[in-house]
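Tertiary structure, described
So the chains spell out like this:
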Amino acid sequence: MKNKLIELVNQLPDSDLEKLYGSVEFLHQNYLYRKSLQDKGIILTERFGLETQQIVEQWDAAFAGEISDKTKEEIYFSEFKWHMFSYKKKDCLTAEAAREAFDGAAKDEVYVFYQNSNQVWVYTNAAGLRSTDFDSQQDVYIFDKALKWTYVHTHESYCGPYF
């Protein structure tokens with residue numbers, strides 16, 4: 001397979017190589033992220049279809065259910081759910097306090113989803129999961145299956161993380 005890829009890459013004009021590099025780099029970073037979790041013994045299982053929408057809706061109901069639709073619109077909740085924390089519409093821990101709370105939380109099994117993705121993951125055997133595991137991730141939402149807590153790592157270095 002690598003030889004076939006090399007053959008294809010060699011046929012591309014230089015102008016297309018930059019686009020290709022960005023895609024390959026993204027795939028490589030995702031691979032390294034998943035591998036680092038698997039090396040800790042964490043099992044990653046992707047959810048599909050209607051179940052993913054239901055899981056995100058459960059998160060919305062549990063953590064943002066009391067925020068009015070008008071307020072959600074004002075804080076651009078549909079663009080970034082974590083705005084409910086950055087706009088201080090929901091009490092939370094931030095920065096190092098959020099990291100410490102997440103690191104200390106029980107995490108046998110957690111859900112993980114991303115703001116602009118239809119992917120939802122279940123991480124099992126996740127007790128070894130740490131806040132630093134998500135430092136390379138953007139706009140990621142992690143929460144326990146009982147919906148008692150959520151941890152959010154944003155794409156903004158000055159916003160969050162939130163717990």
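The preceding data block contains the structure.
In this text, all values refer to a predicted model and were calculated from it rather than measured experimentally.

Reading the values: the criteria
- Residues numbered from 1 in each chain as written.
- Predicted model: local features only at pLDDT ≥ 70, side-chain atom pairs only at ≥ 80, totals over all residues.
- Heavy atoms only, no water.
- Helix = DSSP H or I, 4+ residues; strand = E, 2+ residues; numbered from the N terminus.
- Buried < 20%, exposed > 50% of the residue type's maximum accessible area, 1.4 Å probe, protein only.
- Contact = heavy atoms within 4.5 Å.
- Pairing = 2+ DSSP bridges.
- Axes fitted to C-alpha atoms, helices over the stretch in contact; angles between N-to-C directions.
- Phe/Tyr/Trp six-rings, centres within 6.5 Å; stacked < 30°, edge-to-face > 60°.
- Lys, Arg positive; Asp, Glu negative; His and termini not counted.
- Salt bridge = Lys/Arg side-chain N within 4 Å of Asp/Glu carboxyl O.
- Patch = residues over 30% accessible without salt bridge, like charges linked within 9 Å, V, L, I, M, F, W, Y side chains within 5 Å.
- Areas by Shrake-Rupley, 256 points an atom, 1.4 Å probe, with all protein chains shown as cover.
- Core = buried A, V, L, I, M, F, W, Y, C linked by side-chain atoms within 4.5 Å.

Turning to the overall build of the chain, a few remarks are in order. Looking only at helices and strands, the chain has 6 helices and 5 strands in total. When its helices and strands are written in sequence order, the chain yields α-α-β-α-α-α-α-β-β-β-β. Oriented by its inertia axes, the alpha-carbon framework of the chain measures out at about 55 × 35 × 35 Å. Residue burial in the chain is summarised as follows: out of 163 residues, 37% are buried. The long-range fraction of contacts in the chain, counting pairs at least 24 apart against all pairs at least 6 apart in sequence, stands at 60%.

This part covers the sheet that holds strand 3 (residues 120-124). Spatially, 5 strands are ordered 1-3-2-4-5 in an open sheet, and the strand pairing comes out antiparallel. Only two strands of the sheet have a single neighbouring strand rather than two, namely strand 1 (43-47) and strand 5 (150-153). Across the sheet, the mean angle separating the axes of adjacent strands is 20° when strand polarity is ignored. The strands touched by helix 3 (residues 50-64) within the sheet are strand 1, strand 2 (109-114), strand 3, strand 4 (140-144) and strand 5, with strand 4 carrying the most contacts at an inclination of about 80°.

What the rule picks out here adds up to 15 aromatic pairs. Summarising the aromatic geometry, the rings of Phe102 and Trp149 are spaced 5.6 Å apart at their centres and angled 80° between planes, so their arrangement reads as edge-to-face. In this pair, Phe102 sits in helix 6 (residues 95-104) while Trp149 sits in the loop between strand 4 and strand 5, placing the two residues 47 residues apart along the sequence. Each member of the pair, Phe102 together with Trp149, is buried. Between the aromatic rings of Trp149 and Phe163, the centroid separation amounts to 5.6 Å while the plane-to-plane angle is 20°, which identifies the pairing as stacked. Here the residue Trp149 occupies a position in the loop between strand 4 and strand 5, and Phe163 occupies one in the segment after strand 5, the gap between them amounting to 14 residues. Among the residues examined, Trp149 registers a relative accessible area of 10% and is labelled buried. Exposure remark for Phe163: the relative accessible area of 21% places this residue in the partly exposed category. What links up through ring pairs into an aromatic cluster is the set Tyr33, Phe102, Phe134, Trp149, Tyr151 and Phe163.

Counting through the fold element by element, Lys72 comes out in helix 4 (residues 69-74). Asp69 provides the closest opposite charge to the buried, salt-bridge-free Lys72, at an N-O distance of 4.5 Å. Contacts of Lys72, omitting those with residues within four sequence positions, involve Ala64, Ile67 and Phe77.

Before going further, it helps to examine a nonpolar patch on the surface. Together, Met1, Leu5 and Leu8 make up an exposed nonpolar region whose accessible area comes to about 370 Å². Position of Met1 relative to the elements: it lies in the segment before helix 1 (2-11).

Another point: the nonpolar core. Trp59, Trp82, Met84, Phe113, Phe143 and Val152 are the most contacted members of the largest nonpolar core, which has 21 residues in total. Taken together, the elements giving at least two residues each to this core come down to helix 3, helix 5 (83-86), strand 2, strand 3 and strand 4. Per-element tally for this core: the top contributor is helix 3, with 5 residues. Every residue in contact with Trp82, bar those within four places of it in the chain, is listed here: Asp139, Tyr141, Val152, Thr154, His155, Glu156, Cys159 and Tyr162. Val112, Leu129, Phe134 and Trp149 belong to the second largest nonpolar core, which has 19 residues in total.

None of the figures reported here should be taken as evidence of function without further support.
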